[in-house]
Amino acid sequence: MKVRTGLAGVAFAVIASAATPVMAADECAGKPSEHRLTVSVSNIRAAKGEVAITIYPDDAKRFLAPKGKLLRQRVPARTPTTSTCFYLPGPGFYAIAVYHDANADQDFNRSIVGMPTEGYGFSNDAPTKVGLPGFNTVRFRVPAGASRTSLRMRYP
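Report on the accompanying structure.

About the cut-offs
Residues numbered from 1 in each chain as written. Predicted model: local features only at pLDDT ≥ 70, side-chain atom pairs only at ≥ 80, totals over all residues. Heavy atoms only, no water. Helix = DSSP H or I, 4+ residues; strand = E, 2+ residues; numbered from the N terminus. Buried < 20%, exposed > 50% of the residue type's maximum accessible area, 1.4 Å probe, protein only. Contact = heavy atoms within 4.5 Å. Pairing = 2+ DSSP bridges. Disulfide = S-S within 2.5 Å. Core = buried A, V, L, I, M, F, W, Y, C linked by side-chain atoms within 4.5 Å.

So, the overall build of the chain
Tallying secondary structure elements over the chain gives two helices and nine strands in all. For the chain, the sequential pattern of α-helices and β-strands runs α-β-β-β-β-β-β-β-α-β-β. When each of the 156 residues of the chain is scored for burial, the buried share is 48%. Taking the intrachain contacts of the chain between residues at least 6 apart in sequence as the baseline, contacts between residues at least 24 apart amount to 76%.

Quick word on the sheet that holds strand S5 (residues 81-87)
Sheet strands associate in pairs through backbone hydrogen bonding, adopting either a parallel or an antiparallel arrangement. Read from one edge to the other, the open sheet built from four strands follows the order S1-S5-S2-S9, with strand pairing classed as mixed. Two strands close off the open sheet at either side, each with one partner strand: strand S1 (28-29) and strand S9 (146-152). In this sheet, S9 lies alongside strand S2 (residues 36-42) in parallel orientation, the contact comprising seven bridges. Bridging across to S9, serine 40 finds its partner in serine 150.

Notes on the pairing of S5
Two faces make up the sheet, and in a regular strand the side chains alternate between them. In the sheet, S1 pairs with S5 via two bridges, with the strands oriented parallel. Residue pairing in the sheet places cysteine 28 in a bridge with cysteine 85 of S5. Inspection of the sheet shows S2 paired to S5 by seven bridges, in the antiparallel sense. Residue pairing across strands places valine 39 opposite threonine 84, the latter belonging to S5.

Regarding the state of the cysteines
Summed over all chains, the structure comprises one disulfide. Sulfur-sulfur distance for the disulfide between cysteine 28 and cysteine 85 comes to 1.8 Å. Around the S-S axis, the bridge from cysteine 28 to cysteine 85 shows a dihedral of about -105° and counts as left-handed. Of this pair, cysteine 28 sits in strand S1 while cysteine 85 sits in strand S5, and the two are 57 residues apart along the sequence. Of the two residues, cysteine 28 and cysteine 85, both sit in the buried class.

A look at the nonpolar core
Grouped together as the largest cluster of nonpolar side chains are 21 residues, with contacts concentrated most on Val39, Ile55 and Ile96. Secondary-structure elements contributing two or more residues to this core are S2, strand S3 (50-56), strand S4 (71-76), strand S6 (92-101) and strand S8 (140-142).

Dropping the structure here:
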């Protein structure tokens, strides 16, 4: 397993860099298809701002990379769990990165030394103690049809 080193906050600048409209939690993002993934993010501390949920395709080079996302939604933060859905192009492997944009500035805020000041998380609840998780730790299988996944928001 290859673990990316460095500060987690630096990579989230990539996640937050492209503005995405805020969508209602019951709207699915993506081109309608028979493959629908519902994503639930638990441990949301406050119902303020929005939660940015980004889906990445099964390509380690695109994970957290500029323009690497497959789909993204920004939904109003709800406590204790925020959920939304995505239409996917098909079954297969995907990865998810999320952050709680508590001040709704569409930026992943960091301290002066680059450490996160807002909540964040990854699919499979991949650990981030020393740096960003490796792609293989966030990658998960989505079956055909409708499915669900959940992850936990972590706060600094």
